[in-house]
Every structure is written in C-alpha cells, then in structure tokens.
Amino acid sequence: MKEVYEKLGIPENVLKNTKMKEISNKVPDYNFDEAKAKAGGSENTANNIEEP
C-alpha cells in the first residue's frame with residue numbers, strides 16, 4: 001500500500017477504500033489525472049485503492 005500511495009502521491013491520511021476519483025474531495029490539491037500520468041497509468045486504472 002505504501003508504495004502505491006507514494007507512486008501516486010496520495011497523502012497517507014486518505015483511507016485505502018477511497019475511490020481514486022474522490023481523493024480530491026478530501027485533499028483539494030490532489031489531481032487524479034496528473035498523478036495517474038506520473039505513475040504511468042491509463043484510463044483503465046482501478047477506481048479503488050485496495051490491497052489484493
């Protein structure tokens with residue numbers, strides 16, 4: 001989990017069951033599309049941050 005949060009620049013205070021597109025509601029400065037691009041993501045990125 002820690003690696004995912006670091007790679008996507010997600011603040012540690014964001015709960016792991018938060019949907020990616022809803023992080024900016026909790027952290028106004030967070031830009032989902034920008035973080036996804038930095039991490040090499042695509043349109044098919046999962047909506048939830050969950051451990052396998």
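Quick caveat, the model's predicted, so the values are computed rather than measured.

Calculation rules
Residues numbered from 1 in each chain as written. Predicted model: local features only at pLDDT ≥ 70, side-chain atom pairs only at ≥ 80, totals over all residues. Heavy atoms only, no water. Helix = DSSP H or I, 4+ residues; strand = E, 2+ residues; numbered from the N terminus. Buried < 20%, exposed > 50% of the residue type's maximum accessible area, 1.4 Å probe, protein only. Contact = heavy atoms within 4.5 Å. Areas by Shrake-Rupley, 256 points an atom, 1.4 Å probe, with all protein chains shown as cover. Salt bridge = Lys/Arg side-chain N within 4 Å of Asp/Glu carboxyl O. pLDDT = per-residue confidence, 0-100. Core = buried A, V, L, I, M, F, W, Y, C linked by side-chain atoms within 4.5 Å.

Examining the overall build of the chain
Across its full length, the chain carries three helices and zero strands. Taking all 52 residues of the chain together, the buried fraction comes to 25%. A separation of at least 24 residues holds for 49% of the contacts in the chain among residues at least 6 apart in sequence. Taken as a whole, the chain presents about 4,100 Å² of accessible surface, with 44% of it coming from carbon and sulfur.

Some remarks on the pattern of salt bridges
One pass over the full model with this rule turns up one salt bridge. A salt bridge links E34 to K38, with the nearest nitrogen and oxygen atoms 4.0 Å apart. With E34 and K38 both in helix α3 (residues 32-38), this residue pair falls four residues apart, about one helical turn. Given a relative accessible area of 46%, E34 falls into the partly exposed group.

Considering the confidence of the model for the chain
Here the chain averages 79 in pLDDT, while 77% of its residues score no lower than 70. Mean pLDDT across the elements of the chain ranges from a minimum in α3, with 82, to a maximum in helix α1 (residues 2-8), with 88.

Details of the nonpolar core
Listed in full, the 10 residues of the largest apolar core are Y5, L8, I10, V14, M20, I23, V27, Y30, F32 and A35. Every element with two or more residues in this core is listed here: α1 and α3.

Let's talk about the environment of K7
Within the secondary structure, K7 sits in helix α1. For K7, a relative accessible area of 55% translates into the label exposed. Considered as a pair, K7 and A35 are 28 residues apart in the sequence and their alpha carbons are 8.1 Å apart.

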